[in-house]
Structure formats: C-alpha cells, structure tokens
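# Tertiary structure, described
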Number of protein chains: 2
Amino acid sequence: MQDLTSVGIVTSKSVHFDTPLHLKSSAIIDSYELVYETYGELNATKSNSILICHALSSNHHVAGFYADDPQNIGWWNNMIGPGKPIDTRKFFVVGVNNVGGCHGSTGPVSINAKTGRLYGSDFPVVTVQDWVKTQVRLADHLGIKQFAAIAGGSLGGMQALQWALDYPDRVRHVLVIAASAKLTAQNIAFNDVARQAIMTDPDFYGGDYCSHDVVPHRGLRLARMLGHITYLSDDSMAEKFGRELRNGALGFGFDVEFEIESYLRYQGDKFADQFDANTYLLMTKALDYFDPAHDYDGDLKKAFSVAQANFLVLSFTTDWRFSPERSRTIVKALLDNELNVSYAEITSSYGHDSFLMEDRHYHELVRAYMNNINI
Amino acid sequence: MQDLTSVGIVTSKSVHFDTPLHLKSSAIIDSYELVYETYGELNATKSNSILICHALSSNHHVAGFYADDPQNIGWWNNMIGPGKPIDTRKFFVVGVNNVGGCHGSTGPVSINAKTGRLYGSDFPVVTVQDWVKTQVRLADHLGIKQFAAIAGGSLGGMQALQWALDYPDRVRHVLVIAASAKLTAQNIAFNDVARQAIMTDPDFYGGDYCSHDVVPHRGLRLARMLGHITYLSDDSMAEKFGRELRNGALGFGFDVEFEIESYLRYQGDKFADQFDANTYLLMTKALDYFDPAHDYDGDLKKAFSVAQANFLVLSFTTDWRFSPERSRTIVKALLDNELNVSYAEITSSYGHDSFLMEDRHYHELVRAYMNNINI
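The next subject is the relation of the copies chain A and chain B. By a simple turn and slide, chain A fits onto chain B: the slide is 0.0 Å along the axis, the RMSD is 0.0 Å, and the turn is 180°. Overall, the copies show the geometry of a two-fold rotation axis. When the interface residues of chain A are mapped onto chain B, 100% of them again fall at the interface, so both copies present the same face.

All names here are of chain B. With respect to the secondary-structure elements, valine 10 resides in the segment before β1 (13-17). Judged by relative accessible area, valine 10 falls into the buried class, the value being 6%. Setting aside residues no more than four positions away along its own chain, valine 10 makes contact with Glu37, Tyr39, His61, Ala63, Gly64, Phe65 and Tyr66.

Residues and elements named next belong to chain B. Across its 13 residues, helix α9 (residues 324-336) extends 18 Å between first and last C-alpha, which sits within 8% of the 18 Å expected from 1.5 Å per residue. For α9, every residue scored as buried is listed here: Pro324, Arg326, Ser327, Ile330, Val331, Ala333 and Leu334. The inward-facing, buried residues of α9 contact α2 (155-166), β14 (171-177), α3 (185-199), α8 (300-303), β15 (310-316) and β16 (341-346). Glutamate 338, located one to two residues past α9, shows a positive phi value of around 60°.

Moving on to the side chain of serine 105 of chain A. Residue and element names in this part refer to chain A. On the secondary structure map, serine 105 appears in the loop between β8 (92-96) and β9 (111-112). A relative accessible area of 1% means that serine 105 is categorised as buried. Here the side chain of serine 105 touches valine 35 through a polar contact of 2.9 Å, landing on its backbone nitrogen. Leaving out residues up to four positions away in the same chain, serine 105 has contacts with Glu33, Leu34, Val35, Asn97, Asn98, Val99 and Ser110.

What follows deals with the pairing of β8 of chain A. All names here are of chain A. The element β8 is largely enclosed, with a buried count of 5 among its 5 residues. Note that strand β4 (residues 32-39) and β8 share 4 bridges and pair antiparallel. Looking at β8, one finds that tyrosine 39 is bridged to valine 93. Pairing analysis gives 4 bridges linking strand β5 (residues 49-53) to β8, with the strands arranged parallel. Bridging across to β8, leucine 51 finds its partner in valine 94.

Right, let's get into the sheet that holds strand β10 (residues 92-96) of chain B. Residue and element names in this part refer to chain B. Ordered in space as β1-β4-β10-β5-β13-β14-β15-β16, the 8 strands form an open sheet in which the pairing is mixed. Of all the strands in the sheet, the pair left with one neighbour each is β1 and β16. Strand after strand, the sheet turns through a mean of 20° between neighbouring axes, direction not considered. Together, β5 (49-53), β13 (147-153), β14 and β15 form the strand contacts of α2, whose direction differs from that of β13 by roughly 145°.

A separate point is helix α7 (residues 277-289) of chain B. Residues and elements named next belong to chain B. Over its 13 residues, α7 extends 19 Å from the first C-alpha to the last, a length consistent with the 18 Å expected when each residue adds 1.5 Å. Among the 13 residues of α7, 13 are classified as buried, and the element is accordingly described as predominantly covered. The backbone nitrogen of asparagine 278 lies 3.3 Å from a side-chain oxygen of the residue at the head of α7, namely aspartate 276.

All names here are of chain B. Even without a glycine there, the phi angle at aspartate 297 is positive, about 55°. Summarising the element assignment, aspartate 297 is placed in the loop between α7 and α8. With a relative accessible area of 77%, aspartate 297 lands in the exposed category. Notably, glutamate 338 is not glycine yet its phi reads approximately 60°, a positive angle.

The next point concerns the interface of chain A and chain B. With 52 residues of chain A at the interface, the matching set in chain B holds 52 residues. A buried area of about 4700 Å², summed over both sides, lies between chain A and chain B, and 68% of it is on carbon and sulfur atoms. Among the residues of chain A in contact with chain B, Arg243, Phe252 and Phe254 of chain A are the three that bury the most area, contributing 18% of the side total. Our enumeration of links across chain A and chain B arrives at 10 salt bridges. Of the charged contacts, one joins aspartate 291 of chain A and arginine 243 of chain B as a salt bridge, the two residues approaching to 3.3 Å between their closest N and O atoms. Inspection of the region where chain A meets chain B yields 20 residue pairs in polar contact (both at pLDDT 80 or more). For the side of chain A that touches chain B, the secondary-structure elements that each account for two or more residues are α3 (185-199), α4 (217-231), α5 (234-240), α6 (259-274) and α7 (277-289) of chain A. Take the side of chain A that touches chain B: its biggest share by element is 11 residues, from α3 of chain A.

Rules used in this analysis
Residues numbered from 1 in each chain as written. Chains lettered and ligands numbered in written order. Predicted model: local features only at pLDDT ≥ 70, side-chain atom pairs only at ≥ 80, totals over all residues. Heavy atoms only, no water. Least-squares fit on C-alpha atoms with pLDDT ≥ 70 in both. Contact = heavy atoms within 4.5 Å. Helix = DSSP H or I, 4+ residues; strand = E, 2+ residues; numbered from the N terminus. Buried < 20%, exposed > 50% of the residue type's maximum accessible area, 1.4 Å probe, protein only. Expected span 1.5 Å × (residues − 1). Polar contact = N/O pair within 3.5 Å; in protein donor to acceptor, adjacent residues only side chain to side chain. Pairing = 2+ DSSP bridges. Axes fitted to C-alpha atoms, helices over the stretch in contact; angles between N-to-C directions. Buried area = accessible area lost by both parts, 1.4 Å probe. Salt bridge = Lys/Arg side-chain N within 4 Å of Asp/Glu carboxyl O.

Here it is in structure tokens:
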C-alpha cells in the first residue's frame, strides 16, 4: 500500500561549482560538485525552503526512496514528508551531501582535476564553516535568498548553528538538535581512537588505499563499533541486549557470545563495506574543530551576538555524547543575546540516536515549531 | 630521603602448584606458578593477613619498589605501608598475579609443559572463580586459614566478592571498591571493541604472534586508548586536557593536535610495549563473565545468601564505568542478607581510576575500616 506520508520516489541532482572554494585551512578546492535532493515545491516567493544538514555518516538522501532501490530510505524519512513534522505540503526541503563526503559530492573518492587521480588522502581538511559556505552556493544556485529554516541533528545541528553566525540574514529559523557548541576532551578522545584505528590499519596506506585496491576495513569497522556505543545509551543497550547470550551458554572462547557483540560487529562490518575511511577521518575532524566561541576568548555569548534567527534547541535525556547540559549552554548564550529561543529536553531512552527516532513528544515539538513558521 | 610510609624494597616470590586446576570452562591446567609479594609480618596466630586482588592490567606488585628498579612502584603503594590506610605494621599483606596474567604467574607467555611451547592463544579462558581457587591454594601454601580481609578495586573487587561466596569461612572482611556485580551491555561492548582491535590486528596471528616474532601492537594500543577513556571521567578529562592544542593552533591534518590525543596515544604505546595481548583478552573475558547472580535466576540476594563476611563497599561519584548505582545494587543485596555492610559514595572527579588515587576521604574511610578489624 502506498505510504501517503512519504515523499515517495526521489532522485538526486548534482550541481558543479567552478568558483574556487577557499577553505579555513587556507587550502583551495578549485571546483567541486554538490549532490542534493529536494522534496516539495518551492513557492513563488521562494520563502518556504528548508535546508537539512547531515551528521557524520549520512548524506543528502534525507527522505523518500529511489525507484531502483526502494529499500534505500532517507535517513530522516520519519520527520519529512506530507503531513509529517517537516511538512512537504508546506515546505520545500533540500538535503545536501557535504564536500569531503563519499556519496556523490566532491570528496576523497572523487577525481582531483589537478592530478587526474583520486583525491584520497589529498582531500583537504574541511570544517563546518567550509560546509556552510558551499551550502550558501547551493542556495544561490536554487535561487533561495533566505531559508525559512535550517535543521540538523548532531554535526548537522552544528552546521545549522553556524549558518546563524555566518549568514544571519539568510536563515529565519534554526533547529539545533542533539548538538553541542563544541566537543569535550572525551568526545575528541573517542574520535581519535576511531581515527587511530583507521590510520594504523595496514590497509590504510597513508590514505591511499584505493591505489592499492584495498580498503582499511578493520579500522573502519572498529571506528564504527566504537561510535555506535556512544550513539546509544547505557539504558537502551541494557534494555535491547542486556547480558543475553547468543547461544544460551558461555563459550569460553573469543567468538561472538553476547548479543551486543553480535550487533556491534554486524553494524561495524556493514558500515565498513559502504563508507569511505578518508571521509570518516574528515567528518570526525570537522566535529573536533567546531568551536564558534574559540575566536571570542571562549565566550559563546559574544560568538552568537551576530545571530538574528529564531531557534529551536532540542536535547535528549539519555544522550551522553552531547548531553542536555551542552544544549543548555547553547540556549543560555542565545538568551543572553535576547534571541527568540524554544528549548526542550526530551525524555528518551535512545541516547544520541534519539534525534533519528520517531518519538511522539519530539515530533510534536518539531511539528508545532514548523507549523508556526510564516512563509 | 627515606619514605617512612613505604614498605621499601620488595622482592617477588614464586610458588609452583602441581595439583591440577579444574577451570570453570572444564579445561584443566595441570600445574602452574603463582608469583606474589608480601609486606609486613604474619603474626603468630596468622590472623592478620590481607589479600589484595588486582584489576585488569595490574599484578602482584602492589606496594614498595624493587632494589634494581626503584621507579617501579607498586600500583597501590599509596594505600599500603607502615602508617598507611592498610597498615603493614598491623597487617601481613599479600599481592598475587593471577593465572592468565603476563607478569610471572602462568599465562599465555609461559611455556606449556605439555607441548614445550608458549601457551599463547592455547591458554584457556579463566574466570574470577578460577582465580579465587588459585588464591586459596596460595593461602594454603602460606599457612593462612582465614584472611582478615580481602580487598580489590574494579575486577579486583569482583574477586574479593567471589571469595565471600565461594569460601565464606576463609575471609572475615571484604573490601569491594569501584566494582560491579556484573557488566552491562555497554561495558561488554567496550571490551569487545578492544578485543576486536587486538584480534583483527594482522600481527595477532590468531594469538600465536610470539611464534611470528611480532606483537599486535596496533590492536593493544587501541584497546588501551579506549580503555583509558572509560577509566577517566568526562570532567577530569575536561579539567586536565580540555580543548588545549599541542601546538597552539589547528593543524588541519591528522597528526596529534589536541593534548588529549597526545596523552592517549602515549598511554596506548607505553602499554602496548609492556603488556601481553592474549592476557588482555583473557582479563576482559573474566570481566564479561563475572555474574554471581546468574546461577540464581539473576537474584543477587540469593547469590549472596552464603556470605558471612563483613563488607566495605565504596564507589566514586564520577565513575561511569562502574557507577555508584552498581555498588548500591551490591549493598542492597548484602543488606537483604542481614550482613554487616559499610558503604560510601565518595565525591571524586577521577572517574573509575579514583580507586587508585590518593583521596583524603577515601583513604580515611579505608583506614577507619581497617583500624577496626580485630586480629
């Protein structure tokens, strides 16, 4: 039966930019592609557009599915569609894959026009600010002067926040979900273990594994297993897996024994089969570097002083990667600037991954906020 | 200047056991060595002995230092010595390296008498219960019928607890510090990522790396880096390292940038240079398997019904590996059995590692408890 709340079959589009992209690192990308998807219709005054920014491992495929791959459903499909919290009958929604990614936009698995070879490890380190720059160009390409809203969870929420700081006149509402104004030492530590797992994999070859016809599967698998632990809550893991044994009894060996081991290894393998290791490194680095207060002596209030947008900030009680406390820090700094902020701490057992889940309270809050946006 | 509260120069001793050790796995170790150290003097009635059980990566060298290696100070030197909380003027203290270890007791780096070759990956999986069995034999060898107290932190605390269940008439007081009655799914998950890091290292060779003249340094290093994150608290990492950059500015590359990265990689390298990978695997498995309630339909009260000892249970506020809640679960089950329990939740910022730290409140509590023990 047809799902009437799905945007249905979608197709990815691509746009090529020839204007050089000056990165924060001072490196320059001469030209690049961005792949994106859109759902709903841009209205006549072009006032109803929403940009969705993606997190570490996702991409531009935010909602709907592909005609030739109907199982490949967008990562925020429960949030976006006709009648859904971000309603495509009202809004024109844009999803984009960031540069450095591995799903179509220019990144390590793209050909470097300068050398005629894959970028691989030559792809420069990109930051949240760099991504926002490219997203502005995509907006220009689509004729969007100002987004009604920009939304994202986790690393995506950081991009939404960065828009409000770098292009305050180009976004009216910002939805920052399960995010943080900066990573802690512990966050960075987890990222570094993941990076070291990849970079010390003998199949990494300094990032040039493609030219050796291998991929650092072991390292990427470990990185994902570790990441996954930090996305889930202690409670949800306990509830879902507990100490259940796969074969009912202890095996006194090192094969899979507990269900949680089976789950994590499976998730790790699946991810390592489809994601690019250099992209993983770049994404974690963008997370580590994000720190808008850094140029203001650590004063987040000052950093936010240029913002003009209205904000919805959401956090989840069991998120220990970016705890509610981090969202509160953002909210306080926004309030210190007399900005219009809605905030909610949502009771959820799913940890950091809650932002991807279909939770009634969460979705009602987003729906109410989005309904209230004038277009 | 001489430290009058140190036990001073110590020497390790070794004892060989020819009576086969029947393991929980049903494997049998025909004969084995235990290395141990003792501090203080056993009194005439042999009523003043204390057994110290070690955690994942430590060993029998609990206090003092070696004449030929004065920098090698015992891991609980701040706790044990003349005038210290566990006072060697009153008590005779025994530290032992568990079988499966890599510091002298029979383990993967020992010669298997049956084959004439290193055990390596042939060394059987050992459990907390197995270790307690061997510790009983050591007690017999030393002529100790009953320990005044058995103490340990983390995995060491689990051994102390197991004594009270398996040999209730051979221990009067049990000190269970920063421990848990069982691991959660999240704990097991972290252990499994560590194991997978080791076992997928190409230099692991299915555990027989020694015969290939290599060690799985990469995997062991990652395992330790990851472990280290879980030993520290988010707060202590933030306080010690924050977002400090090693060279003052972002490098836009993948070398060490943040101080926390430098610290973790250093800790990982140091550990991988000196610890055995197979032992690491065994120790994590012993942790995963520990679950005294398992044979009693998950009822910890029933599991503890045979215990007779008095208990001191201590937890630390910022320990997220084995949180205070886990200690409270132990305390409740002990109280349900009308046992004499002292419990304290100690305010400390050092996370799980707090049990190794010299904290005034912590040490005063242990001192008070130990002073009160009649010998």
